[in-house]
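# Chains, contacts and geometry: an overview
Each chain, letter by letter, is given below.
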Amino acid sequence: KLTVTGRHLKITDGIQEHLEAQVERHMKPWLEGPGDIHFALAVEKQRHFAEVTVKNKGFSVHAENETGDLYAAIDGAILKAEKQLKKHKERAVSLKSKQNNKMNEKTL
């Protein structure tokens, strides 16, 4: 589920489409099942802020970015969140394989 909040900013169709495309490309491969993704976008003078919070199966990831361009801020926040999701997924897979190896050793 994707939700977007704009502070001092109107969320246009273009922004919504850009967010959906980037989430599909960068975050979906690392998520297990359905999850909640919330974006908070803000503009203050020439500063553009993007925050993303991802909640999925017992863990959450939060990333922020600030630039002079809204789309660049969105992309930066998504890449930071993707890096955290990837790290979490790799740790979970590594832990499962360690547990399976221990179980296999016990049965031998």
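The coordinates are above.
Residues numbered from 1 in each chain as written. Predicted model: local features only at pLDDT ≥ 70, side-chain atom pairs only at ≥ 80, totals over all residues. Heavy atoms only, no water.

## Concerning the pattern of salt bridges
Filter applied, for reference: Each reported salt bridge corresponds to a side-chain nitrogen of Lys or Arg within 4 Å of a carboxyl oxygen of Asp or Glu. The helix count covers DSSP runs of H or I at least four residues long, the strand count covers runs of E at least two residues long, and both are numbered beginning at the N terminus. Relative accessible area decides the class of each residue, using a 1.4 Å probe on protein chains only: under 20% of the type maximum gives buried, over 50% gives exposed, and in between gives partly exposed.
Throughout the structure, instances matching the rule amount to three salt bridges. E51 is paired through a salt bridge with R7; the nearest N and O atoms lie 3.8 Å apart. With E51 in strand β3 (residues 47–56) and R7 in strand β1 (residues 2–7), the pair connects residues that are 44 residues apart, well separated along the chain. The partly exposed category is assigned to R7, whose relative accessible area is 40%. As a salt-bridge pair, K89 and E32 come within 3.9 Å of each other at their nearest N and O atoms. Taken as a pair, K89 in helix α2 (residues 70–107) and E32 in the loop between α1 (13–26) and β2 (36–44) lie far apart in primary sequence, 57 residues in all.

## Regarding the nonpolar core
For clarity, the threshold we go by: To form a nonpolar core, buried Ala, Val, Leu, Ile, Met, Phe, Trp, Tyr and Cys residues must be joined to one another through side-chain atoms within 4.5 Å. Contacts are assigned to residue pairs with any non-hydrogen atoms lying within 4.5 Å of each other.
M27, I37, V52, V54 and I74 are the most contacted members of the largest nonpolar core, which has 21 residues in total. Of all elements in the fold, only α1, β2, β3, β4 (59–67) and α2 reach the threshold of two or more residues within this core. The biggest single contributor to this core is α2, with seven residues. With residues near it in sequence (within four places) discarded, I37 still touches K1, L2, T3, V23, M27, L31, V52, T53 and V54.

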